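Each chain is listed here by its residues.
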Amino acid sequence: MAESLYKENKVIEDISAKFKVAGKVQRERRVWVTIDKDELIALCNFAKGLGFEHLSAISVTDWPEEGTFELTYHLWSYSKKILLTIKTKLDRADPIVDSVVSVWRENAQIHERELHELFGVEFEGNEDLTPLFLEDWDGPPPFRKDFDWRESVRQQYYDKANERERAYYD
Amino acid sequence: MVEQATKMKRLINAIWIFNWFNSCGFCELVPLVGSRWDMERFGMIITGTPRHADVLFIAGYQTLKSIKRAQVIYEQMPDPKAVIALGACTMSGGMYWDSYNTIKRLADYIPVNIYIPGCPPRPEAVFEACMKIFHHVGAVPPHGRKFAKAHRG
């Protein structure tokens, strides 16, 4: 089994030679690396040079107990056939990170715009972070775990005094 | 009321429809388009623009963003016009009753003439609603200036 993961281990070796990362081969064709956010752009440029030219998605995970947002970049390499996952953590109180628009251009732009809208993460260097779906939204970013969406819906749409709507408060 | 219905029938000979469907909305109407229920035999045609439509079909949940577009579409339709809301989502929010981003009662935003319950509604129910448009004319507040006087009276 170890032999068959040669190309996956090679990716971690190549990255570890230049960056201080915690790398892990999850399984065949799946590689995770965790890096400090200051080195993120340098690593992304390096990974693109390695052949990870397709940014499939960016996602944010909210960890309110830890006080962090975890950013996850999913990169696919058509030549290596490997899905590289780059993870980095941000301070939840001050979620600012450099934009990867400089690396993947328009492909990254729309992902970052959405995450800015739903989690309130600031991507420095992304020029258009205007709301995508939530026009006129003035509440907190709704995908944050401390946003009580059910309570917000009650306030916004339902009336406790209304006989037919009391069920929504039980 | 009967007079109104006759008037409406004269104005609308065939029901031309404009669809404004979100999410799974169109699966509620799609059986009607096919040959099995075939709505065209009743003169019901889906138009490409709200300016040619008599009836606006709204189905699926409406988000806070899409409801604004729906209102613009409604305003573009010529009088007399009717709105038929299909499915549970338009009535109470349906399975999105606790979503922060969808509206809960369509009638708060657009004057709805008839709701068709169901998730999805049966095609027969849609046909019945279209037939009832004419009978409901007197009972619902008319929107166009042609009916404004009759409404006050």
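To be clear, the structure that these remarks concern was listed above.
Read on for an overview of the structure.

Here is what the cut-offs are and how they apply
Residues numbered from 1 in each chain as written. Chains lettered and ligands numbered in written order. Predicted model: local features only at pLDDT ≥ 70, side-chain atom pairs only at ≥ 80, totals over all residues. Heavy atoms only, no water. Buried < 20%, exposed > 50% of the residue type's maximum accessible area, 1.4 Å probe, protein only. Helix = DSSP H or I, 4+ residues; strand = E, 2+ residues; numbered from the N terminus. Pairing = 2+ DSSP bridges. Right-handed = clockwise from strand over helix to strand, strands pointing away. Contact = heavy atoms within 4.5 Å. Buried area = accessible area lost by both parts, 1.4 Å probe. Salt bridge = Lys/Arg side-chain N within 4 Å of Asp/Glu carboxyl O. Polar contact = N/O pair within 3.5 Å; in protein donor to acceptor, adjacent residues only side chain to side chain. Nonpolar A, V, L, I, M, F, W, Y, C, P; charged D, E, K, R; others polar. Patch = residues over 30% accessible without salt bridge, like charges linked within 9 Å, V, L, I, M, F, W, Y side chains within 5 Å. Areas by Shrake-Rupley, 256 points an atom, 1.4 Å probe, with all protein chains shown as cover. Lys, Arg positive; Asp, Glu negative; His and termini not counted. Charge placed at Lys NZ, Arg CZ, Asp CG, Glu CD.

1. Here we look at the pairing of strand 4 (residues 82-86) of chain B
All names here are of chain B. Taking burial as the measure, the five residues of strand 4 include five buried ones, the bulk of the element. Burial along strand 4 is two-sided: the residues A82, I84 and L86 and V83 and A85 are all buried. Pairing geometry for strand 3 (residues 55-59) and strand 4, over five bridges, is parallel. Looking at the pairing, L56 lines up with V83 of strand 4. After leaving strand 3, the chain enters helix 3 (residues 66-76) and then returns to the sheet as strand 4, a path that is right-handed. Where strand 4 meets strand 5 (residues 114-116), three bridges bridge the pair, whose relative direction is parallel. Note that in strand 5 the partner of I84 across the bridge is I114.

2. Some details on the interface of chain A and chain B
Contacts between the two partners involve 19 residues from chain A, matched on the other side by 15 residues from chain B. Here chain A and chain B share an interface that buries about 1,400 Å² over both sides, 51% of which is from carbon and sulfur atoms. Summed over the three residues of chain A that lose the most area to chain B, namely E135, Y157 and Y168 of chain A, the buried surface amounts to 38% of that side. The interface formed by chain A and chain B includes five salt bridges. Residue R69 of chain B is joined to E135 of chain A by a salt bridge in which the shortest nitrogen-to-oxygen separation is 2.9 Å. Inspection of the chain A/chain B interface yields eight residue pairs in polar contact (both at pLDDT 80 or more). Of all the elements, helix 5 (residues 149-157) of chain A adds the most residues to the side of chain A that touches chain B, at six residues. Taken together, the residues that form the side of chain A that touches chain B break down as 13 nonpolar, two polar and four charged.

3. What about a negative patch on the surface?
Residue and element names in this part refer to chain A. There is a patch of like negative charges on the surface, built from D36, D38, D98, E122 and E124. Positionally, D38 belongs in the loop between strand 2 (30-34) and helix 2 (40-50). What makes D38 exposed here is its relative accessible area of 63%.

Just distances and angles here, no functional claims.
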